[in-house]
Amino acid sequence: MDNLWVGSETDLSVLHEIRMADRLEYRVQCLKPREVVCKQQQPDGVVTANATAARSVAGKPAFVRDCSSTNIIDTDDCDSCSSCCTSRQGCRRRRTRSLNAPSPIQQFGPCGRIMKNSAMVMSIQDPASQRLTWYKPPLTVLVIKKVHDAAVLPPFVQLVQWLFTEKRMVVFVESAVMDEPLLDQYPAFQGFKDKLMTFQDGKDDLTDKIDFIICLGGDGTLLYASHLFQQSVPPVMAFHLGSLGFLTPFQFDNFQWQVNNVLEGNAALTLRSRLRCVMLKKRDKEAEIVNSGGGGGGAAGGGKNKLPTNVLVLNEVVIDRGPSPYLSNIDLFLDGKHITSVQGDGLIVSTPTGSTAYAVAAGASMIHPSVPAIMVTPICPHSLSFRPIVVPAGVELKVAISPDSRNTSWVSFDGRNRQELLHGESLRVTTSIYPVPSICALDQISDWFDSLAECLHWNVRKRQKQLEDLTDLTHSSSNDTLDSLEIRSESGQE
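Just so you know, these numbers come straight off a predicted model, no measurement behind them.

Procedures and definitions
Chains are numbered independently. Their residues run from 1 in the order of the written sequence. The predicted origin of the model limits local features to residues at a pLDDT of at least 70 and limits the giving and counting of side-chain atom pairs to 80 or more, whereas totals for whole chains, interfaces and linings rest on all residues. With hydrogens and water stripped out, all remaining heavy atoms of the structure feed into the side-chain values. Strand pairing is assigned whenever DSSP detects at least two bridges linking the two strands. For the purposes of this entry, the term helix denotes a DSSP run of H or I that reaches at least four residues, the term strand denotes a run of E that reaches at least two, and both are numbered from the N terminus. Between N-to-C directions, angles span 0 to 180 degrees; the directions come from axes that are lines fitted to C-alpha atoms, helices contributing only their stretch in contact. Here pLDDT means the predictor's own confidence in every residue, given as a number from 0 to 100. The contact rule is simple, with two residues in contact once any of their heavy atoms fall within 4.5 Å. Nonpolar side chains (Val, Leu, Ile, Met, Phe, Trp, Tyr) are joined into patches within 5 Å and like charges within 9 Å, using only residues with over 30% relative accessible area and no salt bridge. Shrake-Rupley sampling with a 1.4 Å probe provides the accessible areas, and residues are treated as covered by the protein chains on show and by no other component. Salt bridge, as applied in this entry: a Lys or Arg side-chain nitrogen positioned within 4 Å of an Asp or Glu carboxyl oxygen. Working definition: with a 1.4 Å probe on protein chains only, accessible area under 20% of the residue-type maximum means buried, over 50% means exposed, and in between means partly exposed. By convention a nonpolar core is built from buried Ala, Val, Leu, Ile, Met, Phe, Trp, Tyr and Cys residues, the set being connected through side-chain atoms within 4.5 Å. Any two of the Phe, Tyr and Trp rings considered here, Trp counted by its six-membered ring, make a pair once their centres fall within 6.5 Å; the pair's planes then place it as stacked at under 30 degrees, edge-to-face at over 60, or tilted in between. Placement of a charge over a ring requires the Lys NZ or Arg CZ to be within 6 Å of the ring centre, with the centre-to-atom vector within 35 degrees of the ring normal. Each angle gets one of four labels, with under 35 degrees taken as roughly parallel, over 145 as roughly antiparallel, 65 to 115 as roughly perpendicular, and the rest as oblique. What makes a crossing left-handed is the near helix being turned counterclockwise from the far one by less than a right angle; a clockwise turn instead makes it right-handed. In the scheme used here, Gly and all other residues not listed as nonpolar or charged are polar, with Ala, Val, Leu, Ile, Met, Phe, Trp, Tyr, Cys and Pro taken as nonpolar and Asp, Glu, Lys and Arg as charged. Starting at the helix axis, one direction is taken to each C-beta atom, and the arc is that of these directions.

Asks: Help me understand the sheet that holds strand β14 (residues 316–320), please; the structure alone is not making it clear to me.
Replies: Paired through their backbone hydrogen bonds, the strands of a sheet run either parallel or antiparallel. Pairing is antiparallel across the open sheet formed by six strands, whose spatial order is β19-β18-β17-β14-β21-β22. Among the strands making up the open sheet, the edge pair consists of β19 (389–392) and β22 (416–421). In this sheet, neighbouring strand axes are inclined to one another by 20 degrees on average, regardless of whether the strands run parallel or antiparallel. In the sheet, strand β17 (residues 346–350) pairs with strand β18 (residues 373–379) via five bridges, with the strands oriented antiparallel. Across the sheet, residue Val 349 finds its bridge partner in β18, namely Val 376.

Structure follows, in structure tokens:
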């Protein structure tokens, strides 16, 4: 990753430094202190002078921070912020949550972000108005293709060649793709093969190096993009070249016009929320006890104690009984309160995006990806009344093995990193602030319902025939029979 871009005078390390400086400057501009006032409750119920003055600035209503929650509310709706204002330095604490979920970041990669809407009254934006904009032209693009699929090679070569020659972009591809022997059959690809940047999953860090992602294949390519970026994800444009294509709304025909349209900032976004999953192993809990009261770092010294597994998933995290013949016995907690114990094959904790994946096969409802929620779906529960549930996205779920369980459980994250969950260990699941900004082909509603109809054949059935012969049943009564109705219709035709 530190080498130069072959065939160009561009030093990627210098480009990376410039990108980081630009991003830092943008963050500084965004984090400039705003005048946030808080209405203190006076003995006589009078608002403080600061809040009154702020309310009259530019003729606009002032906004205060509700200290009992983390929502932004209007001064006219605030009765009291209690005494916590003084301890929090005038309520200047950064807002971390929206109404029901952690407020997602609005910057994706080095140069992509959500377009600011002047009509916003609060910092919570209508999902339907989420559109992509670039505050700097994207220079680097990551192309992810479905591996070992010969049908994807011609579109891949065509796209990479166009991005490299026409758009003059720095193209990143996975090193495993470059090793595919079938690529030798494309002479045009050999002309710029050495000028492409490569990376290896698990070794090279792509954070702040990619401005734009293009996926060629099925839904697995989008899941792989989410796996590669465990923090901020650049905008993702997914072309349907796989088998299912529920998350890939774009068709590859006329891809030049579609990519140009996105690069010009004319695209709607679906912010697909992800789940932050933290595995707390026994040795990690011991390390927490040893390091408690320290400087608040979290990394154990010496390197012997591994950090808790911290993974962001786009679809779901699955807890199952693995190879054991016994039922899973799992305790489920919500914000520290014990909710229930799951006896069955396991449990699925999924995002709205994952509601149309494993969860729907287990009997869960399908939820639009813009809905802030977490779905909890049992897998073959040994109970007739255990139905799937939906909880607010702002809660924290904790999954642990019941003390009287006969066996352990196994956990997988979007089908990856499968590991055993032992007695005394736990899995904590919350909504991450780093969503996957998926670019829409049309808009959020049309893309989702088109996927339901085309991929899952949602509500597809043979339509009931209309009443052609019996067009008027208003004069029929309960005493009429089919024979009498037929005689009546025949007489009407004569």
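Asks: In this structure, what is going on with the confidence of the model for the chain? I would like to understand it.
Replies: In low-pLDDT regions, the fine details of the predicted coordinates are not to be read closely. Within the chain, residue pLDDT values average 78, and 69% of them lie at 70 or more. Ignoring residues within four places in sequence, the model shows residues 34–99, a span with pLDDT below 50, making 96 contacts including any to other chains. Counting contacts from residues 293–305, a segment whose pLDDT is below 50, to residues more than four positions away or on other chains yields nine contacts.

Asks: Help me understand a nonpolar patch on the surface in this model?
Replies: On the surface, Ile 445, Phe 449, Leu 456 and Trp 458 cluster together into a nonpolar patch covering about 370 Å² of accessible area. With respect to the helices and strands, the residue Trp 458 is situated in the loop between α11 (444–455) and α12 (482–493).

Asks: Quick question: what am I supposed to make of the pairing of strand β20 (residues 397–401) here?
Replies: Looking down a regular strand, the side chains alternate between one sheet face and the other. Counting buried positions along β20 gives four out of five residues, so the element sits mostly inside the fold. With five bridges connecting them, strand β15 (residues 328–334) and β20 associate as antiparallel partners. By the bridge assignment, Leu 332 is partnered in β20 with Val 399. One ladder, built from four bridges, connects β20 with strand β23 (residues 426–431); its direction is antiparallel. Counted as the bridge partner of Val 399 is Leu 427 from β23.

Asks: In this structure, what is going on with the sheet that holds strand β16 (residues 337–344)? I would like to understand it.
Replies: Pairing in this open sheet of six strands is antiparallel, and the strands run β13-β12-β23-β20-β15-β16 from one edge to the other. With partners counted over all chains shown, the strands left at the sheet margins are β13 (309–313) and β16, one partner each. Sheet twist, expressed as the mean angle between neighbouring strand axes with direction ignored, is 20 degrees.

Asks: Is there a simple way to think about the pattern of salt bridges in this case?
Replies: For side chains of opposite charge, pairing can occur when their charged atoms come near one another. In total, this model carries six salt bridges according to the counting rule given. Across the pair Lys 146 and Asp 149 runs a salt bridge, and its minimum N-O distance is 3.9 Å. A relative accessible area of 18% means that Asp 149 is categorised as buried.

Asks: Looking at this model, I keep getting lost on the side chain of Ser 175. Mind explaining?
Replies: By the secondary structure assignment, Ser 175 is in helix α5 (residues 175–178). Since its relative accessible area comes to 18%, Ser 175 is described here as buried. With residues near it in sequence (within four places) discarded, Ser 175 still touches Thr 198, Phe 199 and Gln 200.

Asks: What's the story with the nonpolar core in this structure? I'm lost.
Replies: Side chains of nonpolar character tend, in soluble globular proteins, to be buried together. Formed by 40 residues in total, the largest nonpolar core has its most connected members in Val 143, Phe 156, Leu 163 and Phe 212. No other element matches helix α4 (residues 153–165), which puts eight residues into this core. The contact partners of Phe 156, leaving out residues within four places of it in the chain, are Val 143, Lys 145, Val 173, Val 177, Leu 183, Phe 189 and Leu 216. Core analysis: the second largest hydrophobic core is formed by 26 residues, Phe 199, Cys 215, Leu 223 and Leu 314 among them.

Asks: So what exactly am I meant to see when it comes to the packing of aromatic side chains here?
Replies: Using the criterion set out here, one finds ten aromatic pairs in the structure. Consider the rings of Trp 134 and Phe 212, whose centres lie 5.9 Å apart with planes at 80 degrees: the pair is edge-to-face. Separated by 78 residues along the polypeptide, Trp 134 in strand β5 (residues 132–134) and Phe 212 in strand β9 (residues 212–217) bring together distant segments of the chain. With a centroid separation of 5.8 Å and an interplanar angle of 50 degrees, the aromatic rings of Phe 239 and Phe 250 are classed as tilted. Of this pair, Phe 239 sits in strand β10 (residues 236–240) while Phe 250 is found in the loop between β10 and α8 (255–263), placing the two residues eleven residues apart along the sequence. The same class applies to Phe 239 as to Phe 250, namely buried. An aromatic cluster of at least three residues, connected via ring pairs, comprises Trp 162, Phe 239, Phe 250, Phe 252 and Phe 255. Here the guanidinium or amino end of Lys 398 rests over the ring plane of Phe 333, the centre of that ring lying 5.1 Å away.

Asks: Is there a simple way to explain the packing of α4 against α8 in this structure?
Replies: For any two helices packed against each other, one specifies the crossing angle of their axes together with the interaxial distance. One way to put it is that α4 packs onto α8 with a least axis distance of 11 Å and a crossing angle of 50 degrees. Accordingly, the angle class assigned to the pair α4 and α8 is oblique. The crossing of α4 and α8 is right-handed. Across the interface between the two elements, Gln 158, Leu 159, Trp 162 and Leu 163 of α4 pack against Phe 255, Gln 256, Val 259 and Asn 260 of α8. Residues belonging to the contact of α4 with α8 are distributed by class as follows: five nonpolar, three polar and no charged.

Asks: Teacher, can you tell me more about α8 here?
Replies: One turn of the α-helix equals 3.6 residues, which is why residues spaced by three or four share an orientation. Along α8, the residues classified as buried are Phe 255, Gln 258, Val 259, Val 262 and Leu 263. One side of α8 carries all its buried residues, which in axial view fall inside an arc of 135 degrees. One or two residues past the end of α8 sits Gly 265, with phi positive at roughly 85 degrees.

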